[in-house]
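Chain by chain, the residues run as shown.
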Amino acid sequence: RPWAAGRATAAAAPAQNCSVCGKNLIRNPGAESGAGITAVGAFGAVPGWTNTAGQFGAASYAFPNGWFSAKSKGPLRRGKNYFFGGTTTEAVQAKASIGTQTIKLAPAAAGRKATLSGWLGNYGKNTSQVRAEFADAGGKVLARLRIGPDSTIAGTDMARRSRTATVPRGATQVTIVVTFTGGNNYNLAGADDLSLVLS
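Residues numbered from 1 in each chain as written. Predicted model: local features only at pLDDT ≥ 70, side-chain atom pairs only at ≥ 80, totals over all residues. Heavy atoms only, no water.

1. A look at the overall build of the protein
- Within the protein, the secondary structure is distributed over 2 helices and 10 strands.
- Overall, the protein shows an N-to-C arrangement of helices and strands of α-β-β-β-α-β-β-β-β-β-β-β.
- With the C-alpha coordinates of the protein rotated into their principal frame, the extents come out at 70 × 35 × 30 Å.
- Across the 199 residues in the protein, those meeting the buried criterion constitute 46%. (Helix = DSSP H or I, 4+ residues; strand = E, 2+ residues; numbered from the N terminus. Buried < 20%, exposed > 50% of the residue type's maximum accessible area, 1.4 Å probe, protein only.)

2. So, the packing of aromatic side chains
- Evaluation of the coordinates by the stated rule reveals 9 aromatic pairs.
- A centroid spacing of 5.9 Å and a plane angle of 45° characterise the contact between W49 and F56, whose relative ring orientation is tilted.
- Residue classification places W49 among the buried residues on the basis of a relative accessible area of 9%.
- Their ring planes at 20° and their centres at 5.7 Å tell us that F56 and F83 sit as a pair that is stacked. Taken as a pair, F56 in the loop between β1 (50–53) and β2 (57–60) and F83 in strand β3 (residues 81–86) lie far apart in primary sequence, 27 residues in all.
- Residue F83 is classed as buried on the basis of its relative accessible area of 0%.
- Taken together, Y61, F63, F68, Y82 and F84 form an aromatic cluster joined through their ring pairs. (Phe/Tyr/Trp six-rings, centres within 6.5 Å; stacked < 30°, edge-to-face > 60°.)

3. Thoughts on the sheet that holds strand β4 (residues 96–104)
- If you trace the 5 strands from one edge of the open sheet to the other, you get β1-β4-β9-β6-β7, paired in antiparallel fashion. If you trace the sheet from one side to the other, it starts and ends with β1 and β7 (141–147), each paired once. Averaged over all neighbouring strand pairs, the angle between strand axes comes to 25°, with direction disregarded.
- Where strand β6 (residues 128–135) and strand β9 (residues 173–181) come together, 8 bridges link them in antiparallel fashion. Across the sheet, the residue bridging to R131 is V177, located in β9. (Pairing = 2+ DSSP bridges. Axes fitted to C-alpha atoms, helices over the stretch in contact; angles between N-to-C directions.)

4. Some words on the sheet that holds β3
- Strands sit in the order β2-β3-β10-β5-β8 across an open sheet of 5 strands; the sheet is antiparallel. The sheet is open, and its two edges are formed by β2 and β8 (159–166), each paired on a single side. Each adjacent strand pair in this sheet contributes to an overall mean axis angle of 40°, direction not counted.
- Sheet topology note: the β3/strand β10 (residues 187–198) ladder contains 3 bridges and is antiparallel. In the strand pairing of β10, G86 is matched with N187.

5. Structural notes on unusual backbone geometry
- Omega for the peptide link from G148 to P149 comes to -5°, which places this bond in the cis form.
- The topology assignment puts P149 in the loop between β7 and β8.
- For N28, which is not a glycine, the phi torsion comes out positive at approximately 50°.
- Looking at the element boundaries, N28 is found in the loop between α1 (2–16) and β1.

6. Quick notes on the side chain of S72
- Structurally, S72 is set in the loop between β2 and β3.
- Given the relative accessible area of 7%, S72 is considered buried.
- Within polar-contact distance, the side chain of S72 engages the backbone nitrogen of S69 at 2.9 Å.
- Residues in contact with S72, not counting those within four places in the same chain, are W67, R78, T156 and D157. (Polar contact = N/O pair within 3.5 Å; in protein donor to acceptor, adjacent residues only side chain to side chain. Contact = heavy atoms within 4.5 Å.)

7. Here's the deal with the confidence of the model for the protein
- Overall, the predicted model of the protein reaches an average pLDDT of 89, with 90% of residues at or above 70.
- With pLDDT under 50 throughout, residues 1–15 is counted as low confidence; its partners more than four residues away or in other chains account for 2 contacts. (pLDDT = per-residue confidence, 0-100.)

In structure tokens, the structure reads:
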């Protein structure tokens, strides 16, 4: 029946013409832009991200007091930096360092599959978590997608985590929230190579 074939073609067209699909929507996803800290007490701001609690920043893999190094398990194509909880007084006293980035969504994003992924690293009671919060034009959160905290991640290695959900109807923006919880001393949790991809 010709009309049935026409309907099938029309239904498939949006997926083939999805300009927002197949690419990482997160800007500066590996904390590469900007200088990662290399000394205790220093603070390395992360361009493209907003520090909303503690002192969310970036550390260099060459940071001698950091928990993660170039020899640690992590992204295959890692750069020089990773997202870091912090060693400053502000980072420790806040008990959590939080960084956010808000991304505008095109109307075509609604109903698409969203995959949030990244490499997460813990240190003792210091844990890492990444959330994607989908919201409408008024800022009301319609859905959340989260990776971490994962207590099975231990040692000086990071582990890749991934989770998938559907972008809710009415979502016009998504905020990526990276949270590093602290302990009694430095906040040595980290994360790298974050990604949010629609398909």
